[in-house]
Amino acid sequence: MHTTTAPVHLMNNYARWPISLVKGQGNQVWDDQGKQYLDFTSGIAVTSLGHVPPKLTAKLHEQLDTLWHCSNLVHVPQQEILAEKLSRLSGLDQAFFCNSGAEANEGLIKLARRYAQKIKGTDRYEIISFEQSFHGRTLATLTATGQEKVKDGFAPLPQGFVTVPYNDLDAVKSAITDKTCAIMLELVQGEGGVHPAEEAWVKALRELCDAHGLLLLIDEIQTGIGRTGTWFAFQHYDVKPDAISLAKGLGSGFPIGAVVATKEVAAAFAPGTHGTTFGGNPLAATAGIATLATMEEEQILERVAHIHDVLIKELEKLKAEHPDKVVTVRGKGLLLGVELTIPAGEPVAYAREKGVIMLMAGPQVVRLLPSFVTTDDEVKQAITVLSEALSQV
Ligand SMILES: *Cc1c(COP(=O)(O)O)cnc(C)c1O
């Protein structure tokens with residue numbers, strides 16, 4: 001069924017593209033008309049190892065034939081393996097598993113409040129977040145999100161959040177009160193326009209947190225699991241967060257989210273304080289383990305660095321070819337934004353028509369999130385099509 005109109009029995013909460021994808025292999029996907037596309041979005045930073053990666057498929061098949069689900073009232077060995085891997089890669093200590101990004105950030109927010117109130121013995125609860133940020137669609141996470149459009153019509157919103165300008169130290173300093181318990185941020189704002197945090201600012205935030213007894217919470221849902229060229233974006237900054245949230249790339253497309261924290265902070269979640277039915281079930285945790293194992297075996301961070309270099313070279317050429325339309329290229333690793341002087345919707349639609357799927361991040365930014373197994377030729381194909389698209393509009 002070729003779907004170009006709003007489906008009758010699905011809620012109309014997405015502005016869907018007029019295509020239906022039915023098959024994927026590596027970086028290629030096919031629609032229901034048999035048309036082939038290069039996926040330069042990785043399903044929004046999810047399928048970082050490409051679609052249906054054979055090693056992961058084999059591991060998931062094995063687990064499908066063994067045990068899908070059990071409750072968190074029992075030990076789940078796969079969770080322990082995945083938590084150990086995440087702890088080793090992040091330098092943090094303990095993980096909690098859930099099913100999505102928003103749920104991971106809910107966990108992060110609850111952990112920070114409970115740590116302040118039960119471990120530190122204060123009555124602090126307020127969290128400082130940033131303009132243009134995106135933290136999810138639940139009531140708490142949309143309140144932390146620094147974009148008015150996601151809040152419209154959902155009042156009353158939970159209390160205890162303040163939003164200040166990004167990369168602005170004075171704004172953070174003046175927002176700290178005796179109620180503040182944490183600062184929460186993305187290190188490259190993904191949905192909000194691909195804005196990287198400045199290194200000196202992030203270091204200063206860590207110092208502020210230490211001076212005021214606040215937690216530094218990093219939302220690594222889009223930036224984590226290799227996307228920016230390090231396992232976690234905070235590793236570019238020479239700071240250690242108190243806790244991070246993960247989701248998107250962690251399961252290569254199988255839904256899984258996580259909160260990972262230092263032992264001291266994690267201690268705030270005593271038995272019965274937080275939980276989920278599905279979180280980290282054997283299938284989901286297997287997807288996470290297989291994702292990380294494959295990335296380690298294939299030395300994927302080196303691939304990310306290589307593809308980044310090729311992509312940046314092509315984007316510099318693009319900028320030189322279209323000086324009137326390309327303002328700047330920014331981002332880290334394979335989370336890149338091309339800011340235009342014109343709306344990005346038309347070139348992105350043109351590229352899709354020509355068989356390359358790209359995203360937007362705000363009205364004038366083309367967001368590129370290729371997989372970590374993208375070839376040099378595929379990079380050239382994508383940017384050639386984007387260049388054509390810019391010539392057309
Ligand atoms: C996608 C995203 C979320 C929300 O994740 P969901 O799985 O859609 O709930 C939160 N924070 C960031 C930075 C994201 O990119």
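Rules and cut-offs
- Residues numbered from 1 in each chain as written.
- Predicted model: local features only at pLDDT ≥ 70, side-chain atom pairs only at ≥ 80, totals over all residues.
- Heavy atoms only, no water.
- Helix = DSSP H or I, 4+ residues; strand = E, 2+ residues; numbered from the N terminus.
- Rg over C-alpha atoms; globule rule 2.2 N^0.38 Å.
- Buried < 20%, exposed > 50% of the residue type's maximum accessible area, 1.4 Å probe, protein only.
- Contact = heavy atoms within 4.5 Å.
- Areas by Shrake-Rupley, 256 points an atom, 1.4 Å probe, with all protein chains shown as cover.
- Lys, Arg positive; Asp, Glu negative; His and termini not counted.
- Charge placed at Lys NZ, Arg CZ, Asp CG, Glu CD.
- Pairing = 2+ DSSP bridges.
- Expected span 1.5 Å × (residues − 1).
- Near = heavy atom within 4 Å.
- Polar contact = N/O pair within 3.5 Å; in protein donor to acceptor, adjacent residues only side chain to side chain.
- 1 Å grid on protein atoms, 1.4 Å probe; cavity = no way out; pocket = protein on both sides within 12 Å on 5 of 7 lines; lining within 4 Å.
- Sits in = over half its atoms within 2 Å of the grid points.
- Nonpolar A, V, L, I, M, F, W, Y, C, P; charged D, E, K, R; others polar.

A. Molecular detail of the overall build of the chain. Of the regular secondary structure elements, the chain holds 12 helices and 17 strands. The C-alpha atoms of the chain give a radius of gyration of 21 Å, which matches the 21 Å a tight globule of 393 residues would have. Taking the principal axes of the C-alpha coordinates as reference, the chain spans close to 60 × 55 × 45 Å. Burial statistics for the chain: of 393 residues in total, 53% are counted as buried. Intrachain contacts of the chain at a sequence separation of at least 6 include 72% that bridge at least 24 residues. Summed over its atoms, the accessible surface of the chain is roughly 17300 Å², and 54% of this surface lies on carbon and sulfur atoms. The averaged location of the 45 negative side-chain charges in the chain is 2 Å from the averaged location of its 35 positive side-chain charges.

B. Up close: the pairing of strand 13 (residues 326-332). Across six bridges, strand 13 lies against strand 14 (residues 335-340) in antiparallel orientation. Bridging across to strand 14, T328 finds its partner in E339.

C. Highlighting helix 10 (residues 300-321). Given a rise of 1.5 Å per residue, 22 residues ought to cover 32 Å, and the 31 Å separating the end C-alpha atoms of helix 10 matches this to within 8%. Elements that come into contact with the buried residues of helix 10 comprise helix 9 (282-297), strand 13, strand 14, strand 17 (365-368) and helix 12 (376-392).

D. Region of interest: the site of the ligand. Taken together, the residues surrounding the ligand are S100, G101, A102, N105, F134, H135, G136, E186, D219, I221, Q222 and K248. Between the ligand and A102 there is a distance of 2.7 Å, counted from an oxygen atom to a backbone nitrogen or oxygen. At a separation of 2.8 Å, a nitrogen atom of the ligand approaches a polar side-chain atom of D219. For the ligand, the accessible surface in isolation is 380 Å², of which the surrounding protein chains cover 81%. When atom positions are compared with the pocket grids, the ligand is found to occupy the largest pocket. Each residue belonging to the shell around the ligand can be placed in one class, and the counts come to three nonpolar, six polar and three charged.

E. Structural context of the sheet that holds strand 14. Reading across the sheet, the four strands line up as 13-14-17-16 and stay open at both edges, with antiparallel pairing between neighbours. A strand with exactly one partner marks an edge of an open sheet, and here the two such strands are strand 13 and strand 16 (359-360). Where strand 16 and strand 17 come together, two bridges link them in antiparallel fashion. Residue pairing for strand 17: L359 is matched across the bridge by R367.

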